[in-house]
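Now for the letters of each chain:
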2 protein chains.
Amino acid sequence: MRRILIKAAYDGTDYHGWQEAENAETIAGNINRALKRLTGEDIEVMGASRTDAGVHAKGNLAVFDTLSTIPSDRFSYALNTCLPSDIRILSSKEVPPDFHFKNIKTEKTYLYRIILTDIPDPLRIRYAWDISFDLDIEKMRLGASFLMGEHDFKSFCSVHTDARTTVREISHISVEKEEDEIRIWVRGYGFLYNMVRIITGTLVEIGRGKRRPEDIPGILDALDRRKAGPTAPPNGLTLIQIVMDQEAIRDVKL
Amino acid sequence: MRRILIKAAYDGTDYHGWQEAENAETIAGNINRALKRLTGEDIEVMGASRTDAGVHAKGNLAVFDTLSTIPSDRFSYALNTCLPSDIRILSSKEVPPDFHFKNIKTEKTYLYRIILTDIPDPLRIRYAWDISFDLDIEKMRLGASFLMGEHDFKSFCSVHTDARTTVREISHISVEKEEDEIRIWVRGYGFLYNMVRIITGTLVEIGRGKRRPEDIPGILDALDRRKAGPTAPPNGLTLIQIVMDQEAIRDVKL
């Protein structure tokens, strides 16, 4: 039995998220089906991040176990021949049999794209949230700065969570603007359910003037989801990459 | 009877091109159906550019005639309520009843996107041609420079054309590279059928080393489609904008 680590990119628009579910097309469900076709085995792929319905990824990671003789680095090519074109396996590699994401420190990078427009752009609407009012980018930047570092992010977590602790660390957050597009970059060690989307919804309310940047510390202190802004729509969010702690994974590199 | 000019943006992926056709979803067909719902009239919208199946637009233009009392500038909003989200009407305005694209000099700007990648990126594949070999950008630029200005572009026109003359003028052509993406910008007064896609296919062969940049003048002189490169796939092509000669259209502006 070998454990294989894969890196996956996908357009989440037409999927009910990563996690396999009955009567729903999911990313994991499609990968499991492709693995069945390739190996004949009933394999359940385990994702490093269970992205929500409509959320995209440029580099999610996942592992699975197999008895097949397909060379580890050829699984990506083989899987791509069995997957729809909006899901691609970018690479594959064997990892130790005890490899598990929960034992490894990972830094995840998310990008949330917003377009400022009265009429949604059909060429970007799959990948961005269209907003028809102006946003004060400087206020959004100031608000974001209060989220840097380690905090209890309970207020920025959907109530449907089963996380043991809601303390997380954001190692980088920035708000960029280029023409009519705003890009919110968030990097950190572990994220809570809907955390980046709630951060985005709150920063948009700040940019719109409904809240002040200085309200963020109070929202964090409240430990109450109702104190933060709305959950931004999923289509604007992309999981860009997951970097694993090098010591933990020894010579494994994707 | 009023003549209304509209500007349309669309993701062409799921459509069989602009032109209405039986048993096929088209851009014009959807706009005609939306106009029928709004006005009750059987209206045929006339496009400035009949984009091919799979080709996108950020600013195609079209006109239609109507007896309805909907204010001219409200047609865009009204139409968007009846159209699928991958087709958006960006603006609408009344034009003189004798307005017709064939009487107006228009400058069209096209963008062709190429991604250099072994594995297609699911987040860009709808809008770009994925190529797995390296391209020499400097050679492509040199090749493109020979296409500038007025030429007989018969060699760069699909044989299925009904154009009276194949002489056209390219006012701007450039090849940009940013990270793993190559962007070919082409601007000109009127284009032949598949012209930008054949130019792209030929420049890619130059970039790959299968042809030399200096071959372009000979290809033009041959007046023979078989001398140029292949037709690049439609998904990489976007009609960015159409600028109408200001004198011809008087105070009409979209």
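**Observations regarding the overall build of chain A**
Okay, so step 1: Regarding its fold elements, chain A presents six helices and ten strands.
Okay, so step 2: Its C-alpha radius of gyration of 19 Å places chain A within 12% of the 18 Å reference for a compact globule of 254 residues.
Okay, so step 3: In terms of overall dimensions, chain A has C-alpha extents of about 60 × 40 × 30 Å along its principal axes.
Okay, so step 4: Pairs at least 24 residues apart make up 72% of the contacts formed inside chain A by residues separated by at least 6 positions.
Okay, so step 5: Surface exposure of chain A reaches about 11900 Å², of which carbon and sulfur atoms provide 46%.
Okay, so step 6: Taken together, the 35 basic and 38 acidic charged side chains of chain A have centroids lying 1 Å from each other.

**Observations regarding the packing of helix α3 (residues 137–145) of chain A against helix α4 (residues 195–208) of chain A**
Residues and elements named next belong to chain A.
Okay, so step 1: Where α3 contacts α4, the two axes come as close as 8 Å, and the packing angle between them is 140 degrees. As judged from the angle between their axes, α3 and α4 are oblique. Here the hand of the crossing between α3 and α4 comes out right-handed. Along its contact with α3, which presents K139, M140, G143 and A144, the element α4 presents L203, V204, I206 and G207.
Okay, so step 2: In terms of residue class, the contact of α3 with α4 is made up of five nonpolar, two polar and one charged.

**What to know about the interface of chain B and chain A**
Okay, so step 1: Across the contact, 22 residues belong to chain B and 22 residues belong to chain A.
Okay, so step 2: Both faces combined, the contact of chain B with chain A buries some 1700 Å², and carbon together with sulfur accounts for 68% of it.
Okay, so step 3: For the chain B face of the interface with chain A, the top three residues by lost area are B:I119, B:P122 and B:L123, together amounting to 41%.
Okay, so step 4: In this structure, the connection of chain B to chain A is made through two salt bridges.

**Quick word on the domain arrangement of chain A**
Residue and element names in this part refer to chain A.
Okay, so step 1: The domain architecture assigned to chain A consists of domain 1 (2–103) and domain 2 (107–241).
Okay, so step 2: The C-alpha centroid of domain 2 is placed 27 Å from the C-alpha centroid of domain 1.
Okay, so step 3: Taken together, both faces of the contact between domain 1 and domain 2 bury some 1100 Å²; the carbon and sulfur share is 49%.
Okay, so step 4: On the domain 1 side of the interface with domain 2, the three residues burying the most area are D52, V55 and H56, jointly 41% of the side's total.
Okay, so step 5: For R197, the salt bridge is made with D52, and the minimal N-O distance between the two is 3.1 Å.
Okay, so step 6: Where domain 1 packs against domain 2, one counts twelve residue pairs in polar contact (both at pLDDT 80 or more).
Okay, so step 7: In the side of domain 1 that touches domain 2, the residues fall into four nonpolar, seven polar and four charged.

**Focus: the pairing of strand β8 (residues 167–178) of chain B**
All names here are of chain B.
Okay, so step 1: Pairing of strand β7 (residues 149–152) with β8, which is carried by four bridges, proceeds in the antiparallel orientation. Pairing of G149 across the sheet is with I170, part of β8.
Okay, so step 2: Direction of pairing for β8 relative to strand β9 (residues 181–189): antiparallel, over a ladder of nine bridges. Among the inter-strand pairings, V175 is bridged to a residue of β9, identified as I184.
Okay, so step 3: Linking β8 back to β9 in an antiparallel pair, the connection comprises two residues, with E179 at a positive phi of about 55 degrees.

**Structural notes on the pairing of strand β3 (residues 56–66) of chain A**
All names here are of chain A.
Okay, so step 1: In terms of residue burial, β3 counts as a mostly covered element, since nine of its eleven residues are buried.
Okay, so step 2: Taken together, the eight bridges between strand β1 (residues 2–10) and β3 define a ladder with antiparallel strand orientation. Looking at the pairing, L5 lines up with V63 of β3.
Okay, so step 3: Bridge count for β3 against strand β10 (residues 237–244) is two bridges, and the pairing is parallel. If you follow A57 over to β10, its bridge partner there is L239.

**Description of the confidence of the model for chain A**
Okay, so step 1: With 96% of its residues at a pLDDT of at least 70, chain A reaches an overall mean of 94.
Okay, so step 2: Of the two predicted TM-score estimates for the complex, the pTM is 0.90 and the ipTM is 0.86.

**Examining the relation of the copies chain B and chain A**
Okay, so step 1: Of the two same-sequence chains, chain B is brought onto chain A (RMSD 0.0 Å, axial shift 0.0 Å) by a rotation of 180 degrees. Such values leave the two copies arranged in the relation of a two-fold axis.
Okay, so step 2: A share of 100% of the interface residues of chain B reappears at the interface of chain A, consistent with the copies meeting face to face through the same patch.

**Describing unusual backbone geometry**
Residues and elements named next belong to chain B.
Okay, so step 1: Residue N194 is not a glycine yet carries a positive backbone phi of 70 degrees.
Okay, so step 2: On the secondary structure map, N194 appears in the loop between β9 and α4 (195–208).
Okay, so step 3: A positive phi angle, near 50 degrees, is found at L223, a position not held by glycine.
Okay, so step 4: When you line up the elements, L223 lands in the loop between α5 (216–222) and β10 (237–244).
Okay, so step 5: The partly exposed category is assigned to L223, whose relative accessible area is 38%.

**Quick word on the packing of aromatic side chains**
Okay, so step 1: In total, this model carries twelve aromatic pairs over all chains according to the counting rule given.
Okay, so step 2: Summarising the aromatic geometry, the rings of B:F99 and B:F101 are spaced 5.3 Å apart at their centres and angled 80 degrees between planes, so their arrangement reads as edge-to-face.
Okay, so step 3: The buried category is assigned to B:F101, whose relative accessible area is 10%.
Okay, so step 4: Here the guanidinium or amino end of A:R208 rests over the ring plane of A:F133, the centre of that ring lying 3.6 Å away.
Okay, so step 5: Directly above the ring of B:Y189 sits B:K105, whose terminal nitrogen or CZ lies 4.4 Å from the centroid.

**Focus: the environment of A:G201**
All names here are of chain A.
Okay, so step 1: By the element assignment, G201 lies in helix α4.
Okay, so step 2: Accessibility expressed as a relative area gives 2% for G201, which makes it buried.
Okay, so step 3: In the structure, G201 is positioned 128 residues away from D73 in sequence and 40 Å away in space, judged by C-alpha atoms.

The rules behind these values
- Residues numbered from 1 in each chain as written.
- Chains lettered and ligands numbered in written order.
- Predicted model: local features only at pLDDT ≥ 70, side-chain atom pairs only at ≥ 80, totals over all residues.
- Heavy atoms only, no water.
- Helix = DSSP H or I, 4+ residues; strand = E, 2+ residues; numbered from the N terminus.
- Rg over C-alpha atoms; globule rule 2.2 N^0.38 Å.
- Contact = heavy atoms within 4.5 Å.
- Areas by Shrake-Rupley, 256 points an atom, 1.4 Å probe, with all protein chains shown as cover.
- Lys, Arg positive; Asp, Glu negative; His and termini not counted.
- Charge placed at Lys NZ, Arg CZ, Asp CG, Glu CD.
- Axes fitted to C-alpha atoms, helices over the stretch in contact; angles between N-to-C directions.
- Parallel < 35°, antiparallel > 145°, perpendicular 65-115°, else oblique.
- Left-handed = near helix turned anticlockwise from the far one by under 90°.
- Nonpolar A, V, L, I, M, F, W, Y, C, P; charged D, E, K, R; others polar.
- Buried area = accessible area lost by both parts, 1.4 Å probe.
- Salt bridge = Lys/Arg side-chain N within 4 Å of Asp/Glu carboxyl O.
- Domains from an automatic or database assignment.
- Polar contact = N/O pair within 3.5 Å; in protein donor to acceptor, adjacent residues only side chain to side chain.
- Pairing = 2+ DSSP bridges.
- Buried < 20%, exposed > 50% of the residue type's maximum accessible area, 1.4 Å probe, protein only.
- pLDDT = per-residue confidence, 0-100.
- Least-squares fit on C-alpha atoms with pLDDT ≥ 70 in both.
- Phe/Tyr/Trp six-rings, centres within 6.5 Å; stacked < 30°, edge-to-face > 60°.
- Lys NZ or Arg CZ within 6 Å of the ring centre and 35° of its normal.

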